[in-house]
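# Coordinate inspection notes
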Amino acid sequence: MTVNGSDDVLLVHGGTPLSGEIRVRGAKNLVPKAMVAALLGSGPSRLRNVPDIRDVRVVRGLLQLHGVTVRPGDEPGELVMDPTNVESANVADIDAHAGSSRIPILFCGPLLHRLGHAFIPGLGGCDIGGRPIDFHFEVLRQFGAKIEKREDGQYLEAPRRLRGTKIQLPYPSVGATEQVLLTAVLAEGVTELSNAAIEPEIEDLICVLQKMGAIIAMDTDRTIRITGVDSLGGYNHKALPDRLEAASWASAALATEGDIYVRGAQQRSMMTFLNTYRKVGGAFEIDDEGIRFWHPGGQLKSIALETDVHPGFQTDWQQPLVVALTQATGLSIVHETVYESRLGFTSALNQMGAHIQLYRECLGGSHCRFGQRNFLHSAVVSGPTRLQGADLVIPDLRGGFSYLIAALAAQGTSRVHGIELINRGYENFMEKLMELGAKVELPGKALG
Ligand SMILES: CC(=O)N[C@H]1[C@@H](OP(=O)(O)OP(=O)(O)OC[C@H]2O[C@@H](n3ccc(=O)[nH]c3=O)[C@H](O)[C@@H]2O)O[C@H](CO)[C@@H](O)[C@@H]1O
Ligand SMILES: C=C(OP(=O)(O)O)C(=O)O
């Protein structure tokens, strides 16, 4: 497998505990959306704590294509985005961005407000389920948009100013909630959204929009009320840290019997993860600058785990933690309720020596949308098992990081193919691995 002409394989020599300090910056699931929000402003916006990951580069390219000037700010990780020339942009080559990430769908509202029309190429993102976008188009229609499906994407038009509306989401979708926010802020009148997603990244996006001049109220019952305004200004914002990346490193510390200080990790957005980590037998210590995660010695404990929307256990935490669960004593049960196909990555772990059995039934606490529908969305992990190095092909972002963790915890050498995918959401992961003492090499290249 090759990427950009270079061999996209990492050799991982396992069996060394990861130990040391790394830093996480702004969240992959907030930063690109805050960048899209800059399109709504009449003046420049400043976003700080921006990580150098592929999803950010994709949105940067899309913004520039739409006439937004994007340049680095004064401090490292700062972006300045000026949307003043959006109306006069000549948008060409948008097809080149097809399949790049899930973010292009969030351009709909801002472009409809600014230009009266929008073209959205096919989306990318992780292949962990069907990932339909029906809620997005349904809410845009409710705001008054006309949508036409074309061969290469979706064409949207707003014949007149979009109007606020009352929306009930069938499921608290993160993306659909963001779609509503980014559309309602400049729509005429009030929008009331019920059954909204309330992930910390959504709260941070609301903070960004409020800084721009939006009026948004969040109730405690998943209701968000947005009072549309006539115009918005730019913002100056420091992105919240990436709680998903932080949890990935925490799981790596546990699975490799290591000790990692994650600078930038924050307790508030990780409380559910921290409770679970403690139940498994992982240790952590929180200070003002970050969180130290380590394996305290002795046996890890098996648990029952169910993923859910916030404040439940985030689905993106699931895959890395499952690798640590292969080292816990007894039977752990994992019920994935957010994506129907997010457990496929476990077959490679079984090839490495893990004992993970998948089930179609909803195992654990509740019945979810996927029960009785032929989706292998529950797992029983029996441990502890000794993992052996293997040839692994990365299936998706978190699955890929999980394979790295498994390879690092295993005896012997693994060849991990497709590592370029990890750059989509993990900044400088190769440098971080080496800082933590991992024995990794790119065949034919000297690292470090
Ligand atoms: C870039 C980004 O922020 N990605 C995150 C975002 O993805 P994303 O915003 O795509 O995830 P959603 O919350 O929308 O999806 C949750 C569930 O709703 C379903 N659904 C969603 C939209 C729709 O129109 N129809 C529909 O049926 C999906 O198939 C899925 O089963 O939230 C997910 C859930 O926390 C995270 O795993 C992803 O990391
Ligand atoms: C599923 C994920 O991301 P995306 O929605 O960008 O595919 C993820 O970050 O694990």
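Everything that follows concerns the structure shown earlier in this document.
Read on for an overview of the structure. Here the structure is a predicted model, which means the values were calculated and not measured.

Thresholds, definitions, all that
Residues numbered from 1 in each chain as written. Chains lettered and ligands numbered in written order. Predicted model: local features only at pLDDT ≥ 70, side-chain atom pairs only at ≥ 80, totals over all residues. Heavy atoms only, no water. Helix = DSSP H or I, 4+ residues; strand = E, 2+ residues; numbered from the N terminus. Buried < 20%, exposed > 50% of the residue type's maximum accessible area, 1.4 Å probe, protein only. Polar contact = N/O pair within 3.5 Å; in protein donor to acceptor, adjacent residues only side chain to side chain. Pairing = 2+ DSSP bridges. Axes fitted to C-alpha atoms, helices over the stretch in contact; angles between N-to-C directions. Contact = heavy atoms within 4.5 Å.

The next thing to look at is the environment of Met271. Topologically, Met271 is positioned in helix α8 (residues 271-280). Taking the relative accessible area as the measure of exposure, Met271 reaches 46% and is therefore partly exposed. Separated by 41 residues in sequence, Met271 and Gly312 place their C-alpha atoms 9.6 Å apart.

This next bit is on helix α9 (residues 315-325). Where burial is concerned, most of α9 is hidden: 11 out of the 11 residues are buried. Buried residues of α9: Thr315, Asp316, Trp317, Gln318, Gln319, Pro320, Leu321, Val322, Val323, Ala324 and Leu325, and no others. Residue Gln314 occupies the N-cap position of α9, its side-chain oxygen lying 2.7 Å from the main-chain nitrogen of Asp316.

Taken together, the three strands give an open sheet; going across it, the order is β8-β10-β9, and neighbouring strands pair in antiparallel fashion. A single partner strand is all that each edge strand has here, and the edge strands are β8 (117-121) and β9 (146-150). Looking at each pair of strands side by side, their axes are set apart by 20° on average, direction ignored. In this sheet, strand β10 (residues 153-157) lies alongside β9 in antiparallel orientation, the contact comprising five bridges. Pairing of Arg150 across the sheet is with Gly153, part of β10. Lying on the sheet, helix α3 (residues 108-115) is in contact with β8 and β10; it crosses β8 at an angle near 150°.

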